[in-house]
Amino acid sequence: MADKPVCSSCAFFEDHHANDDHEIPDAGLCRFNPPVTQPVADAVGLWPVVKESDWCGHFAKEGLAA
Ligand code: SF4
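Residues numbered from 1 in each chain as written. Predicted model: local features only at pLDDT ≥ 70, side-chain atom pairs only at ≥ 80, totals over all residues. Heavy atoms only, no water.

Draft legend 1. The overall build of the protein, seen in detail. When its secondary structure is counted, the protein shows zero helices and three strands. For the protein, the α and β elements follow one another from N to C terminus as β-β-β. Of all 66 residues assigned to the protein, the portion counted as buried reaches 18%. Put simply, 50% of the contacts in the protein that link residues at least 6 apart link residues at least 24 apart. Surface summary for the protein: the accessible area is close to 4900 Å², and the carbon and sulfur share equals 56%. (Helix = DSSP H or I, 4+ residues; strand = E, 2+ residues; numbered from the N terminus. Buried < 20%, exposed > 50% of the residue type's maximum accessible area, 1.4 Å probe, protein only. Contact = heavy atoms within 4.5 Å. Areas by Shrake-Rupley, 256 points an atom, 1.4 Å probe, with all protein chains shown as cover.)

The following block contains the structure:
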């Protein structure tokens, strides 16, 4: 594969470093699936935090996802 798929160039990656005020360098949120891990009913769901260099089988080039 010529270009290695990485989260930072995936259509589902959001350059928002965390779900709260605790920033994680070189990370972002994966928006492929709905939020997960809602510990109590009045808490918001959490988006999976991924490193910019991570990847998964759902990778999509930016601009391809609707
Ligand atoms: S985890 Fe997969 S779907 Fe999510 S941003 Fe990374 S490559 Fe894209």
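Now, onward.
Draft legend 2. Structural context of the packing of aromatic side chains. Counted by the stated rule, this structure contains one aromatic pair. Note that Arg 31 overlies the ring of Trp 47, its terminal NZ or CZ placed 3.9 Å from the centroid. (Phe/Tyr/Trp six-rings, centres within 6.5 Å; stacked < 30°, edge-to-face > 60°. Lys NZ or Arg CZ within 6 Å of the ring centre and 35° of its normal.)

Draft legend 3. Quick look at the pattern of salt bridges. Scanning the model with the defined rule gives one salt bridge in all. Notably, a salt bridge pairs Glu 14 with Arg 31, separated by 2.4 Å at the nearest N-O pair. In this pair, Glu 14 sits in strand β1 (residues 13–14) while Arg 31 sits in the loop between β2 (27–30) and β3 (49–51), placing the two residues 17 residues apart along the sequence. The exposure class of Arg 31 is partly exposed, given its relative accessible area of 32%. (Salt bridge = Lys/Arg side-chain N within 4 Å of Asp/Glu carboxyl O.)

Draft legend 4. Main features of the sheet that holds β2. As summarised here, the arrangement of the three strands in space is β1-β2-β3, forming an open sheet in which the pairing is antiparallel. The outermost strands of the open sheet, each flanked by one partner alone, are β1 and β3. Both β2 and β3 contribute to a ladder of three bridges, which runs antiparallel. Each residue of the ladder has a partner; that of Gly 28, found in β3, is Val 50. (Pairing = 2+ DSSP bridges.)

Draft legend 5. Structural view of the site of the ligand. Cys 7, Cys 10, Phe 13, Cys 30, Phe 32, Trp 55, Cys 56, His 58 and Phe 59 make up every residue found near the ligand. Among the residues forming the shell around the ligand, the class breakdown is eight nonpolar, one polar and no charged. (Near = heavy atom within 4 Å. Nonpolar A, V, L, I, M, F, W, Y, C, P; charged D, E, K, R; others polar.)

Draft legend 6. View of the environment of Glu 62. Along the chain, Glu 62 turns up in the segment after β3. Considering only alpha carbons, one finds Glu 62 and Phe 13, 49 residues apart in sequence, at a separation of 8.9 Å. Ignoring any residue separated from it by four or fewer positions in sequence, one finds Glu 62 in contact with Ser 9, Cys 10 and Ala 11.

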